[in-house]
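Spelled out, the chains give:
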Amino acid sequence: MSETLLRDRLGIEVLSAAPSRAAARMPVSGNRQPRGLLAGGASCMLAESIASLAANLHAAELGATAVGLELNATHHRSVRHGSVTAVATAIRLGRRVASYHVVITDDAGEQVCTARVTCLIIDETPR
């Protein structure tokens, strides 16, 4: 049975992806909170999604996979329309941990949110 992923329901579109840097875009429409602003949780999901993609590309080079371990986000300004773009840049690509600095901007290039995402690199082998 195929399940629709949360990132697909949010409309997240990957723009580029590599272990050291990845980018994605997400529409504000459909991802608003009741006051009409982009929901903070949607920004967090965007940040974690793109950082996790980059971390999994890094982990694949090690024959492993990556899972989210920590997310820290600061929301700087609100957005009501258009889309937001997230760029995840590697802070550290280790054998056990991959950490990313994520900057989310609006269509005018203004910072909306910054986040730090840490992923744990784990063996593919089930225990």
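These remarks concern the structure in this document. Computed from a predicted structure; not experimentally measured. In this numbering scheme, every chain counts its residues from 1 along its sequence in written order. Given that this is a predicted model, residues contribute local features only at a pLDDT of at least 70 and side-chain atom pairs are listed and counted only at 80 or more, while totals for whole chains, interfaces and linings are drawn from all residues. With hydrogens and water set aside, each side-chain value is computed from the structure's full complement of heavy atoms.

1. Let's talk about the overall build of the chain
The helix and strand labels rest on DSSP assignments: H or I over at least four residues marks a helix, E over at least two residues marks a strand, and numbering proceeds from the N terminus. If you tally the helices and strands in the chain, you get two helices and six strands. Going from N to C terminus, the chain has its helices and strands arranged as α-β-β-α-β-β-β-β. Computed over its C-alpha atoms, the radius of gyration of the chain comes to 15 Å, within 12% of the 14 Å expected for a compact globule of 127 residues. The dimensions of the chain, computed from C-alpha atoms along their principal axes, are 45 × 35 × 20 Å. Type-normalised accessible area, obtained with a 1.4 Å probe on protein chains alone, sets the label of each residue: buried when under 20%, exposed when over 50%, and partly exposed for intermediate values. Burial status across the chain gives 39% buried among its 127 residues. Atoms counted for the radius of gyration: C-alpha only. Globule rule: 2.2 Å times residue count to the power 0.38.

2. Observations concerning the nonpolar core
Soluble globular proteins: nonpolar side chains tend toward being buried together. By nonpolar core is meant a set of buried Ala, Val, Leu, Ile, Met, Phe, Trp, Tyr and Cys residues that side-chain atoms within 4.5 Å join together. Membership of the largest hydrophobic core comes to 32 residues, with the highest contact counts inside it found for Met26, Leu46, Val84, Tyr100, Val102 and Ile104. The biggest single contributor to this core is helix α2 (residues 40–61), with eight residues. Here a residue-residue contact requires only that any non-hydrogen atoms of the pair lie within 4.5 Å. Residues in contact with Val84, not counting those within four places in the same chain, are Ala24, Arg25, Met26, Val28, Leu38, Leu46, Val79, Ile104, Thr105, Asp106 and Val112.

3. Brief notes about α2
Counted at 1.5 Å a residue, the expected span for α2 with its 22 residues is 32 Å, and the 32 Å between its end C-alpha atoms agrees. Directly beyond the C-terminal end of α2, a positive phi value near 75° is found at Gly63. For a helix, the expected span equals 1.5 Å multiplied by the number of residues minus one.

4. Points about the pairing of strand β6 (residues 111–123)
Bridge count between strand β3 (residues 64–75) and β6: eleven bridges; the pairing is antiparallel. Bridge pairing links Val67 to Leu120 in β6. Strands are treated as partners if at least two bridges between them are detected by DSSP. Across nine bridges, strand β5 (residues 97–105) lies against β6 in antiparallel orientation. Pairing of Ala98 across the sheet is with Cys119, part of β6.

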